[in-house]
Each structure stands twice: as structure tokens, then as C-alpha cells.
Amino acid sequence: MTQLGLPDDIQACLFDLDGVVTKTAVVHAAAWKETFDAFLRDFDGDQGRPFDAAADYDEYVDGRPRADGVRAFLDSRGIHLPEGTPDDPPDARTVHGLGNRKNDLLLEKIRTGGVEAYDGTLRYLEAVRAAGLRTAIVSSSANCRDVLGAVDAEHFFDVRVDGVVAAERNLPGKPHPDTFLAAARDLGVEASRAAVFEDALAGMDAGRAGGFGYVVGLDRVGQSDALYAHGASVVVKDLAELGGKQ
């Protein structure tokens with residue numbers, strides 16, 4: 001293992017955004033809860049069981065593209081909505097309408113509350129870059145570039161494969177490995193020589209399915225066992241635990 005806590009043959013590091021680089025996972029969860037709770041009250045009245053910002057978030061929406069998260073959660077409640085289109089207004093009773101409502105709420109929360117980065121991750125990124133490894137940000141978020149800019153972290157990454165790029169290339173999102181595989185290809189590195197850094201169970205599944213050389217799970221919410229069960233090679237609470245001192 002290297003000073004970075006990675007196997008010796010790793011040549012590139014592929015980082016998720018929310019919950020790995022930035023402290024935005026909790027903001028996403030709050031936006032999803034507000035969106036789904038309002039919809040469930042309208043759909044089921046007071047009989048609707050509220051969205052659980054921990055269990056439901058981890059199981060159905062964390063790490064997935066927005067529309068996929070809507071479908072997965074609603075399916076868990078036996079609810080099926082028309083797909084609609086990506087341009088649907090946020091009050092439309094469609095999959096894309098709900099997703100757009102969530103995105104509006106997310107952006108509002110980011111504007112009012114700001115965005116923070118994990119200091120341990122930024123220090124680790126500095127060490128990764130100093131060691132000469134190539135880097136990519138791989139996120140389902142269509143707001144990835146703006147969020148990175150808000151924490152002045154764009155310069156840490158050679159490649160960005162986010163929700164915008166995935167849509168342009170027609171890449172399925174996590175738990176499918178396609179976005180991570182695309183990032184590795186863009187970096188000119190085989191998957192077996194790349195490490196994936198994720199906090200979401202869907203991201204663990206993607207790392208395992210893609211045959212990546214090492215999958216690092218970030219346990220931000222006390223789900224270490226689940227991260228291992230979904231394919232993590234190692235689980236840490238902060239990337240500072242892996243080392244990275246130069």
C-alpha cells in the first residue's frame with residue numbers, strides 16, 4: 001500500500017461529490033424530504049408515511065440520478081407517475097416534475113446556507129495530485145460544476161463526469177458503473193488501475209460492478225456494514241484516515 005492508503009498499482013482516483021468532497025448530502029436529503037412529504041400529503045392525505053431522510057434517502061435516492069431516485073422511492077410506496085419531460089415545471093405531477101421541484105429546493109438551500117467542503121478530502125486531494133495520480137469527479141448531480149466552484153475545488157480534477165455529461169453521452173447513472181467507467185476512459189486508465197471514492201450504497205454497487213481496483217467507502221452516517229456489504233474495499237469516516245501526508 002502507498003502513503004495514500006491505496007494499492008501500489010492505482011493510477012487514478014475517481015471521487016463522488018456529495019458526501020465525499022462536499023457536505024451537501026444532508027442538504028440533498030432535506031430537499032428530498034420536503035419534496036416527497038408535500039407530494040405524499042397531497043397524494044395520500046394524512047395517511048401518507050413521511051419520507052425518512054435517513055433510511056429512505058440511503059436506500060432509494062442517494063447517489064442516483066434525480067429521476068431514478070424519484071422512480072425508486074415512489075415504487076417503494078407502490079406509486080407510479082407519468083414520466084413527463086425534463087422541462088416539466090416543479091409543480092407537475094410527474095417523475096420529472098418532482099425531480100425539478102427537489103432541484104429548486106436544493107439550489108435554494110445552497111444559496112441560503114452555502115456549501116462546505118470536507119477538509120480531510122481537500123488535503124487528501126492535494127496529496128493525490130502531488131503524488132502524480134490522475135483525478136476525476138463523478139457525480140449524478142447536474143449542479144456539480146457550480147458546487148465545486150463554490151468551494152474552489154474545480155482545479156483538483158482533470159475530468160468531470162456529472163449529470164450534465166451523463167445526459168449528453170446517454171450514460172446510465174449509479175448503481176450502474178458507466179459514469180465511473182467513462183471517467184476512467186477519459187483519464188486513459190483501466191478500471192482495475194483506478195480507485196473509487198463514494199459514500200452512497202449505489203456508488204459502492206457501481207464500483208463493484210465496474211471492476212475497479214479499489215473502492216473506498218466514506219461512512220458519514222454510520223453505515224459501515226452496509227458499505228462493506230455493497231462492495232467497499234475499505235471504509236473510513238474521513239479520507240485523512242488513509243494517510244496522504246507528503
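Look a little higher up for the structure.
Here the structure is a predicted model, which is why all the values come from computation and not from measurement.

Reading the values: rules and limits
- Just so you know, the residues in each chain are numbered from 1, in the order the chain's sequence is written.
- Where totals are concerned, whole chains, interfaces and linings use all residues; where local detail is concerned, this predicted model gives features only for residues with pLDDT of at least 70, and gives and counts side-chain atom pairs only at 80 or more.
- The side-chain figures draw on all heavy atoms in the structure; neither hydrogens nor water molecules are used.
- Note on geometry: axes are lines fitted to C-alpha atoms, helical ones only across the stretch in contact, with angles between N-to-C directions running from 0 to 180 degrees.
- Under the DSSP-based scheme used, a helix requires at least four consecutive residues in state H or I and a strand at least two consecutive residues in state E, with every element numbered from the N terminus.
- For classification purposes, angles smaller than 35 degrees are called roughly parallel, those larger than 145 roughly antiparallel, those between 65 and 115 roughly perpendicular, and all remaining angles oblique.
- Here a crossing is taken to be left-handed if its near helix is turned anticlockwise relative to the far helix by less than a right angle, and right-handed if that turn runs clockwise.
- In what follows, a contact means two residues having at least one pair of non-hydrogen atoms within 4.5 Å.
- In this analysis, strands are considered paired if DSSP registers two or more bridges between them.
- In the sections that follow, a salt bridge refers to a side-chain nitrogen of Lys or Arg positioned within 4 Å of a carboxyl oxygen of Asp or Glu.
- Buried, partly exposed and exposed residues are distinguished by accessible area as a fraction of the type maximum, computed with a 1.4 Å probe on protein chains only: under 20%, between the cut-offs, and over 50%, respectively.

Two numbers describe how helix α1 (residues 25-44) lies on helix α4 (residues 95-113): the axes approach to 9 Å, and their chain directions differ by 135 degrees. Our classification of the angle between α1 and α4 gives oblique. Note on packing geometry: the crossing formed by α1 with α4 is right-handed. Between α1, through V27, H28, A30, A31, W32, E34, T35, F36 and F39, and α4, the contact on the second element is made entirely by L98, R101, K102, L105, L106, K109 and I110.

Before going further, it helps to spend a moment on the sheet that holds strand β5 (residues 214-218). Taken in spatial order, the 6 strands make up an open sheet running β3-β2-β1-β4-β5-β6, and their pairing is parallel. Two strands in the sheet have a free side with no partner beyond their single neighbour: β3 (159-161) and β6 (234-236). Across the sheet, the mean angle separating the axes of adjacent strands is 20 degrees when strand polarity is ignored. The pairing of strand β4 (residues 194-198) with β5 spans 4 bridges and is classified as parallel. Residue V196 lies in a different strand from β5, and its bridge partner there is V215. Of the strands in this sheet, β1 (12-15), β2 (134-138) and β4 are in contact with helix α5 (residues 119-130), which crosses β1 at around 155 degrees.

So, on to the pattern of salt bridges. The full count for this structure, using the stated rule, is 16 salt bridges. For D16, the salt bridge goes to K174, with nearest N and O atoms at 3.0 Å. A residue pair is termed long-range when its members are at least 10 positions apart, and D16 in the loop between β1 and α1 and K174 in the loop between α7 (163-169) and α8 (178-187) qualify at 158 residues. By relative accessible area, which is 5% here, D16 ends up buried. Note that D205 and R208 form a salt bridge whose closest N and O atoms lie 3.2 Å from each other.

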